[in-house]
Amino acid sequence: MEMDFERCYRAVDSRDQRFDGWFYTGVTSTGIYCRPSCPAVTPKRQNVRFFPSAAAAQSAGLRACRRCQPDAAPGSPQWDVRADVVGRAIRLIADGVVDRDGVPGLAARLGYTERHLHRMLRAEMGAGPLALARAQRAQTARILIETTGLGMAEIAFAAGFGSVRQFNDTVREVYASAPSELRTARGRHLAAVGAGTITLRLAYRPPMHARALLDFLAVRALPGVEEVRDGTYHRGLRLPHGPGQVALTPADGHVSATLRLTDLRDLAPAVARCRRLLDLDADPEAVDATLAADPALAPTVAAEPGIRVPRAVDSFEMAVRAIVGQQVSVTSARTTLTRLLATRVDHEVVAPDDGVSRQQHHDQRGDLRGFLTPEEVLEISDGAFGMPVRRRETIRGLARAVLDGTVDLAPGGDREETIRRLLALPGIGPWTANYLAMRALGDPDVLLDSDLAIRRGAAALGLPDTTLDAHAERWRPWRSYATIRLWRAA
């Protein structure tokens, strides 16, 4: 949103949680920064400054409010959907690229010099890439301090800090407390869980139609990779430092996430991917207001507010799913993908902490694993694919393109360039590329108007079949959300 003082102050005065994550309120008289919905007394106008990011507030010398924990607010929907360089940079920082590869690695991924990237982020976010990554490290450290029994040195390196001293200094500066004091305040809430297991709350802006999300994921769930059971979505993850697993349970105002990690340095990337999967940084009121303006969609919006776009934790997985799903039913695609997964010969699961072998651990507990990697796909024999030759070769061509860098499916990739390169691969047409734009690349404005189920949904709602694309212009920039509603109507 535009950083207009009056509009921001009204949001703070009304404690409107819809604006959490859009901006942060700095109070110069107390030296703290808060989320707009903080329940504390509204500060005087002359003592207020507004910041576009928590990192910008921290750079101004303010510490995080202990009451509203502004660093745990939902992410800004603006940066979640924007496809420009700044939006891509924010997604890559959230995925831990700066912690793993430094600012030079981030700049190289985006195709800009470090200096120019710093300038752009400062102009839009009020802080450079190092400050943004530092704010994320501070939040990761707080989560580990408050929810695990790990030693402070372990937490320091797991959160991405270069030294224990840097960790201590940052926590004191951001939270005005020593790490041990944060733990003392929350120690009674520590869960008795195994090593590498963390439970935390993922905030979102209400409303959220949780059942629609779980329904969508359940019907497409792949055995051994994911499952929906008793209102909880479980899945295996491939993370930068090793495999992991997550259980996501929607609740009132948040999603409870229990993560089992082999390496705690993967906490921030795992959280970012789970938020992306469930579209938790969306602004549902803005989406629903636009779609409800169309009389044909208004009844569905009223009946099911807060429909989200299920995205992906693994963009390569989503690309393979899209190719397998070309011109076949969801059930047929799931069957083919299940056979494909059965060819996997490795037994990579989350490392147990009880001395049991990985394979025994999998057999005993039924661990879920991440999807096939591009390397694994290229090792599968022709006969094991169980699909037409052209489709098999399309999947192999995609795997090679991802490995050699021709196609970048990362969350910070350039959407337009990625789509262009996908369309250049034999066997990938507009439907497949647009499906990936919506679910893997996070484009909020995709309409799959050639999809048979979309046409059925449109017919069920009384929408024109032959001129659906023209009619859908009124749904911009949220046509991806309309696509999900049309699928549900079908």
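J.: Where do I start with the overall build of the protein in this structure?
T.: When you go through the protein residue by residue, the secondary structure sums to 24 helices and 9 strands. Here the C-alpha atoms of the protein give a radius of gyration of 23 Å, agreeing with the 23 Å that 2.2 N^0.38 yields for 490 residues. With the C-alpha coordinates aligned to their principal axes, the bounding extent of the protein is approximately 65 × 60 × 45 Å. Looking at the protein residue by residue over its 490 residues, the buried ones come to 56%. Contacts in the protein between residues at least 24 apart in sequence constitute 68% of all its contacts with a sequence separation of at least 6. Counting every atom, the protein has about 20,600 Å² of accessible surface; 51% of that belongs to carbon and sulfur.

J.: How should the packing of helix α11 (residues 210-219) against helix α24 (residues 479-489) be read in this particular structure?
T.: What describes two packed helices is the angle between their axes and the distance between those same axes. The contact between α11 and α24 brings their axes to 12 Å, and the two run at 75°. As far as their axial angle goes, α24 and α11 are roughly perpendicular. The residues of α24 that touch α11, namely those facing R211, A212, D215 and F216, are I484, W487 and R488. Residue classes in the contact of α11 with α24 are distributed as 4 nonpolar, no polar and 3 charged.

J.: What am I meant to see in the environment of L422 here?
T.: Here L422 lies in helix α20 (residues 415-423). Taking the C-alpha atoms as reference points, L422 and V407, 15 residues apart in sequence, are found 6.9 Å from one another.

J.: When you look at the sheet that holds strand β6 (residues 226-229) in this model, what are you seeing that I'm missing?
T.: The strands that make up a sheet are held in pairs by hydrogen bonds between backbone atoms, and each pair lies either parallel or antiparallel. What the 5 strands build is an open sheet, ordered β5-β9-β8-β7-β6; its pairing is antiparallel. A single partner strand is all that each edge strand has here, and the edge strands are β5 (197-203) and β6. The average undirected angle you get between the axes of adjacent strands in this sheet is 25°.

J.: Is there a simple way to think about empty space enclosed by the protein in this case?
T.: Per the stated rule, a full pass over the model turns up 2 cavities of 30 Å³ or more. Approximately 90 Å³ is the volume attributed to the largest cavity. Lining of the largest cavity is provided by 14 residues; of these, E226, R235, E317, M318 and R439 occupy positions nearest its centre. Elements that contribute at least two residues to the lining of the largest cavity include exactly β7 (232-239) and α15 (315-324). A per-class count over the lining of the largest cavity returns 6 nonpolar, no polar and 8 charged. Lining the second largest cavity are D80, R91, R276, R311, P411, R415, R439, A440, L441 and G442. Per-class residue counts for the lining of the second largest cavity are 3 nonpolar, 1 polar and 6 charged.

J.: Please clarify how the pattern of salt bridges should be interpreted in this entry.
T.: Within this structure, the stated rule accounts for 40 salt bridges. The closest approach of N and O atoms between D99 and R137, which form a salt bridge, is 2.5 Å. Linking D99 in helix α5 (residues 97-110) with R137 in helix α7 (residues 129-147), this pair joins segments that are 38 residues apart in sequence. Of the residues examined, D99 reaches a relative accessible area of 32% and is grouped as partly exposed. Assessed through its relative accessible area of 11%, R137 is described here as buried. Notably, a salt bridge pairs E376 with R238, separated by 3.2 Å at the nearest N-O pair. With E376 in helix α18 (residues 374-379) and R238 in strand β7, this pair connects stretches of sequence that are 138 residues apart. In this structure E376 comes out as buried when scored by relative accessible area, which is 16%. Shared partners join several salt bridges into a network, and the residues in it are D445, D469, E473, R476 and R479.

J.: Just to check I follow, could you spell out the packing of aromatic side chains for this structure?
T.: Given two aromatic rings, their pairing is described by the distance between the two centres and the angle made by the two planes. The full count for this structure, using the stated rule, is 10 aromatic pairs. Between F23 and F50 the ring centres are 5.3 Å apart and the planes differ by 90°, which places this aromatic pair in the edge-to-face class. Remark: F50 occurs in strand β3 (residues 48-51) and F23 occurs in the loop between α1 (5-13) and β1 (24-27); sequence separation between them is 27 residues. As far as burial versus exposure is concerned, F23 and F50 are alike and both buried. Three or more aromatic residues joined by ring pairs form one cluster here, namely F5, Y9, F19, F23 and F50. Just above the ring of F161 sits the side chain of R137; from NZ or CZ to the centre is 5.7 Å.

J.: I would appreciate a short explanation of unusual backbone geometry in the present structure.
T.: Following P206, the chain continues to P207 via a peptide bond in cis, the omega torsion being 0°. Its place among the elements puts P207 in the loop between β5 and α11. Along the chain, R476 connects to P477 via a cis peptide bond; the corresponding omega equals 5°. Here P477 shows up in the loop between α23 (468-471) and α24. In this structure, D279 is a non-glycine residue whose phi angle is positive, near 55°.

J.: When you look at the sheet that holds β1 in this model, what are you seeing that I'm missing?
T.: Strand order in the open sheet formed by 4 strands is β3-β1-β2-β4, and the pairing between neighbours is mixed. Strand pairing shows two members of the sheet lacking a second neighbour, β3 and β4 (63-64), which therefore form its edges. Packed onto the sheet, α1 meets β1 and β3 and runs at close to 100° relative to β3.

J.: Whenever I open this one, the layout of surface pockets confuses me. Can you help?
T.: If you roll a probe as big as a water molecule over the atoms, it shows you where there is empty space left. Here the second largest pocket defines a volume of roughly 950 Å³. Within the residue set of the lining of the second largest pocket, elements represented by two or more residues are α11, α15, α16 (330-341), α21 (430-439), α22 (452-460) and α24.

Cut-offs applied
Residues numbered from 1 in each chain as written. Predicted model: local features only at pLDDT ≥ 70, side-chain atom pairs only at ≥ 80, totals over all residues. Heavy atoms only, no water. Helix = DSSP H or I, 4+ residues; strand = E, 2+ residues; numbered from the N terminus. Rg over C-alpha atoms; globule rule 2.2 N^0.38 Å. Buried < 20%, exposed > 50% of the residue type's maximum accessible area, 1.4 Å probe, protein only. Contact = heavy atoms within 4.5 Å. Areas by Shrake-Rupley, 256 points an atom, 1.4 Å probe, with all protein chains shown as cover. Axes fitted to C-alpha atoms, helices over the stretch in contact; angles between N-to-C directions. Parallel < 35°, antiparallel > 145°, perpendicular 65-115°, else oblique. Nonpolar A, V, L, I, M, F, W, Y, C, P; charged D, E, K, R; others polar. Pairing = 2+ DSSP bridges. 1 Å grid on protein atoms, 1.4 Å probe; cavity = no way out; pocket = protein on both sides within 12 Å on 5 of 7 lines; lining within 4 Å. Points joined across faces, edges and corners; volume = space filled by probe spheres on them. Salt bridge = Lys/Arg side-chain N within 4 Å of Asp/Glu carboxyl O. Phe/Tyr/Trp six-rings, centres within 6.5 Å; stacked < 30°, edge-to-face > 60°. Lys NZ or Arg CZ within 6 Å of the ring centre and 35° of its normal.

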